[in-house]
Amino acid sequence: MVRWRAETNSCRRAPMMPQILLCPETAVGAGTGHLRRAIRLCKQLSPDARIYLAPDVRDGVVHTVSHELGASWIERDPAALVAASAIVIDRPIIPREEVAALCQHAVVIGLDAGGSGRALCNYTIDIIPRLRDDGRANLRSTAFLELPRSVRSAPPAIYPRILVTFGGEDPKRLTPRMVEALLQTGEVNAQQVTVVRGPLAAWDAPGDVRVLDRPSNLMEMLCDYDLVCTSFGLTALEAAAARCAVVLLNPTRYHARLGKRVGFTDVGVVRVNRRALGLALSDPALGLKSAALVDRRASQSLARTIARIAQAPPARCPICRRPGGEPIFRDADRSFYRCSCGVLFRTAFTDPGIAYDEAYFFEEYRAQYGRTYLEDFAHIRVLGLARARRVMRAHKPPKQARSAKPRLLDIGCAYGPFLDAAQHSGFACSGLDVATAAVRHVRDVVGIPAVAGSISDPSVRDRWKPGDLDAVTMWYVIEHIDDLRPLLRWVQRTVAPGGVFAFATPNARGISGRLDRSAFLRMGPRDHVTVWTPTAARRVLRRFGFHVVRVVVTGHHPERFPGCGAVRPGTVAYRLLLGASRLLRLGDTFEVYARRREERE
Ligand SMILES: [Zn+2]
C-alpha cells in the first residue's frame, strides 16, 4: 500500500522496481501447496514482493506465513492491491470481476489460474497441465516446478516400499481406500506401507501401516519410497521427478483426465480398480515410465520469469488509453488486445531488443528481405513515386493558403528513397529518423534536410510549430510506436488544414489475418506495438481531426489463399487470384491517405 511504495521509493531501491504482490489460495480445503509456493516465491523475489492475505483469511494461515517469513512480508490491507505494480494470483478459481478491477492498476499474472477470471489475466502461466484453455496460456511448462533435490539413483523395478499420500485434507478418504486395496492384492503387507496424514485428515490410520504426521518436507522424502500412490497434482509430478514409480487414484474424473494426458498410470476415480492396481504392482517398467514424465533438465526459475513479466506496464490502448480487457492472443513474450477503437495492440513482456541502427537496415533487413535497405533503394523509390502522387492528390489546401511547394515531413525516412521520390514529385521535403547513419546519408548523398531523433521525444516534436507542415508520412513506422496519442495530437496540430497524413502498415483484415488471426499475430515482428485495419484507421483518424480520402490495400499474396500454396506467379490461376485479392481488398498491408479537416472557429 502507500506506506510500502513510499518506503521503497525513499530508500535504496530505484523507484522503477516492480512491487509484486503474491495472492495465494487460502480457502478451506484448498491444501497448502499454493501457500508454500507463495512463500518460496516471496523469498526469491525479496525485497520486491509481499504476500497478500485478505482481512478475512484464517489466523492459522496468517501464522504459517508469518512464522516462515516474518510479519513485515504480509499485506492485509486491500489498498496494497492498488499500490502493487504486479499481482500474482495463484488460485484455481478466480472471479472475472476481481481480475477486471486489478487490471486497472497492475499487471495481473495468473499462476495455474482457472475460473472466469483466467481469461482476463494479462499473463497466464500453467505449470500443472490443464485440459482446456491451452491457447489461453502465455507459458505452459512443467519446467517451472520446483523439483526435489533428493532423487533415487535409478527408477525401481519392484516396489517393496510404498507411500500413500492424498494431500492435507483428503475429504474423499482416498488414503484408507488405497491402503485397503493394496493389502487385498495379497502382494503387499502392512509393514511395507506408509501413509501421510495431513492436519485436517478425517480418517483413522488403517491397521499396522506406518503414519507420517504432517511431514514438513514431504518432497525431499519421496525418494525413500519405490512406489507413491497419490492423485494428480504437484506430489505426483514431484514423485515422478524423484524417480519413484507413481500410480494415481483420483478424486474426480477431471483429475483422471489430466493425469492420463500427462501419461500417469491410473487405478481409478475414488474407487480402486483392483485389476489395474495388480497390473501396476507387477509391472517392472512402471518406475521407468513414471520417471520419463518429468524432464529434470528443463528446470527454469519461476521467480526470475515473474520478475521479468512484472516489469510490463498495465495493458492500455496506445491511442485511447482504455484498459485492454481480455487478451485475444497470447505467447511467451506478448499479450494482444483488441481495443474498442478497432486497433489491436500488444504488451511486451520481454524487450524486443531491436535498435534501429545500421545493423537494422543491413543485417536484419537482409535477413528478412534478402537484400539490404540501400540495395532496395531504387525499388522503394518507385513505390515512393506512386505514394507521393497520392499524397499530392489528397492535398487540398484552402485557396488563400496555397504555397509554392507543399511542405512534407517523412517520419522514419531511413536512407531517404521516399523523400527522393517526393522531392521529385514537387514537395519541399524533410526527413526524421532515429538512425544517425541513415540521416547523414539523406543529408549528404540524397541532398534533403533530415534530423536525427525520435518522434516520440517531445523536444523533437517541438521543432515543428502548429501548421508548419502540409503532409506527414510514415511508411511502416506507426506500428512501432508505443505511445501513439501524443504523436497523433501533434500531427493534428502540425498539419495545416487541407494537409495530408499518410501511413502504411500491416493489415489485420488481410488474407493472413482473416485465415488465422493467431498465426498472423504470432508471426508478426516482436517490435510491432499496434496492428491496424482500414476501418480502425478511419475511426481513429476521424477522432484526431482527419478524414480518410483513400485506402490502398497492398501486399497481395495469392499463394497465401487456402490450398493455393503451389500457385506460381505468371500463371492464369495466379492472375485470377491476384484479381480476387485486389477486388476483395485482402492484401496483408495497406496505405491510408487522410486529409486534415478545416476548423471552423
Ligand atoms: Zn483504442
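These figures come from a predicted structure and were not determined experimentally.

Participant: Report on the pairing of strand E16 (residues 344-348), specifying residues and quantitative values.
Facilitator: With respect to burial, E16 is a largely interior element, four of its five residues being buried. Where strand E15 (residues 334-338) folds back on E16, the antiparallel hairpin that results is connected by five residues, among which Gly-342 adopts a positive phi of roughly 100 degrees. As paired strands, E16 and strand E22 (residues 530-531) are joined by two bridges and run antiparallel to one another. Note on E22: the bridge partner recorded for Phe-345 is Thr-530.

Participant: Can you lay out the sheet that holds strand E2 (residues 49-52) for me, pointing to particular residues and giving the numbers?
Facilitator: Overall, parallel pairing links the seven strands, which are arranged E3-E2-E1-E4-E5-E6-E7 in an open sheet. The open sheet is flanked by strand E3 (74-75) and strand E7 (139-140), the only strands paired with a single partner. Strand direction decides the pairing type here: strand E5 (residues 107-111) and strand E6 (residues 123-126), joined by three bridges, are parallel. Within the sheet, the bridge partner assigned to Ile-109 lies in E6 and is Tyr-123. Of the strands in this sheet, strand E1 (20-24), E2, strand E4 (86-90) and E5 touch helix H2 (residues 33-45), which is tilted by about 165 degrees from E1.

Participant: How would you explain unusual backbone geometry if you had to name every residue and give the values?
Facilitator: Ser-46 connects to Pro-47 through a cis peptide bond whose omega is 5 degrees. Among the secondary structure elements, Pro-47 is positioned in the loop between H2 and E2. One non-glycine residue, Asp-112, lies in positive phi territory at about 45 degrees. Residue classification places Asp-112 among the buried positions, given a relative accessible area of 11%. Here the phi dihedral of Ala-414 falls at roughly 50 degrees; this positive angle occurs in a residue that is not glycine. Of note, Ala-414 is situated in the loop between strand E17 (407-411) and helix H15 (417-424).

Participant: I'd like a description of the coordination of the zinc ion, backed by residues and values.
Facilitator: Protein coordination of the zinc ion is provided by Cys-317 (SG), Cys-320 (SG), Cys-339 (SG) and Cys-341 (SG), with donor distances spanning 2.2 to 2.4 Å. Taken together, the four donor atoms coordinating the zinc ion span angles of 104 to 116 degrees at the metal, a pattern that classifies the geometry as tetrahedral. Between the donor residues of the zinc ion, the gaps in sequence give the motif C-x2-C-x18-C-x1-C. You can see Cys-317 sitting in the loop between helix H12 (302-309) and strand E14 (329-330) and its partner Cys-339 sitting in the loop between E15 and E16, a full 22 residues away along the chain. With respect to burial, Cys-317 and Cys-339 carry one shared label: buried.

Participant: Describe in detail the sheet that holds strand E23 (residues 546-554), supporting the description with residues and values.
Facilitator: Taken in spatial order, the seven strands of this open sheet run E19-E18-E17-E20-E21-E24-E23, and their pairing is mixed. Where the open sheet ends on each side, the last strands, each with one partner, are strand E19 (450-452) and E23. On average, each strand axis in the sheet is tilted by 15 degrees relative to the strand beside it, whichever way the strands run. Both E17 and strand E20 (residues 469-475) contribute to a ladder of three bridges, which runs parallel. By the bridge assignment for E20, Leu-409 is matched with Val-472. In this fold helix H18 (residues 484-494) packs onto E17, E20, strand E21 (495-506), E23 and strand E24 (589-596), with an angle of close to 145 degrees to the strand it touches most, E21.

Participant: Help me get a handle on the environment of Ala-291, residues and values and all.
Facilitator: Tracing the sequence through the fold places Ala-291 in helix H11 (residues 286-291). Ala-291 gets classed as buried once you look at its relative accessible area, which sits at 19%. When the C-alpha positions of Ala-291 and Ala-241 are compared, they lie 6.0 Å apart, and in sequence the two are 50 residues distant. Filtering out sequence-adjacent residues up to four positions away, Ala-291 remains in contact with Pro-155, Ala-240 and Arg-243.

Participant: Pulling in residues and values, what's your account of the pairing of E4?
Facilitator: Burial analysis of E4 places five of its five residues in the buried class, the great majority of the element. Taking every second residue as pointing to the same face, both faces of E4 are buried, with Ala-86, Val-88 and Asp-90 on one and Ile-87 and Ile-89 on the other. Bridge count between E1 and E4: five bridges; the pairing is parallel. Looking across to E4, one finds that Leu-21 is bridged to Ile-87. With four bridges connecting them, E4 and E5 associate as parallel partners. Bridged to Ile-87 within E5 is Val-108. Chirality of the crossover, the property in question, places the unit of E4, helix H5 (residues 96-103) and E5 among those that are right-handed.

Participant: So, the packing of H2 against helix H3 (residues 59-69): which residues are in play, and what are the values?
Facilitator: Across the interface, H2 lies against H3 with an axial gap of 11 Å and an inter-helix angle of 30 degrees. Regarding the angle of H2 to H3, the classification is roughly parallel. Here the hand of the crossing between H2 and H3 comes out right-handed. Residues Leu-35, Ile-39, Cys-42 and Lys-43 of H2 lie in contact with H3, whose contacting residues are Val-61, Val-65, Glu-68 and Leu-69. Here the residues of the contact of H2 with H3 sort into six nonpolar, no polar and two charged.

Participant: Requested: an account of the domain arrangement of the protein, with residues and values cited.
Facilitator: Here the protein is partitioned into domain 1 (2-146 + 304-313), domain 2 (162-293) and domain 3 (358-596). For domain 1 versus domain 3, the distance between C-alpha centres works out to 42 Å.

How each quantity is defined
Residues numbered from 1 in each chain as written. Predicted model: local features only at pLDDT ≥ 70, side-chain atom pairs only at ≥ 80, totals over all residues. Heavy atoms only, no water. Buried < 20%, exposed > 50% of the residue type's maximum accessible area, 1.4 Å probe, protein only. Helix = DSSP H or I, 4+ residues; strand = E, 2+ residues; numbered from the N terminus. Pairing = 2+ DSSP bridges. Contact = heavy atoms within 4.5 Å. Axes fitted to C-alpha atoms, helices over the stretch in contact; angles between N-to-C directions. Donors = N, O, S within 2.8 Å, 3.2 Å for Na, K, Ca; no water. Tetrahedral: all angles 85-135°; square planar, octahedral: opposite > 155°, others 65-115°. Right-handed = clockwise from strand over helix to strand, strands pointing away. Parallel < 35°, antiparallel > 145°, perpendicular 65-115°, else oblique. Left-handed = near helix turned anticlockwise from the far one by under 90°. Nonpolar A, V, L, I, M, F, W, Y, C, P; charged D, E, K, R; others polar. Domains from an automatic or database assignment.

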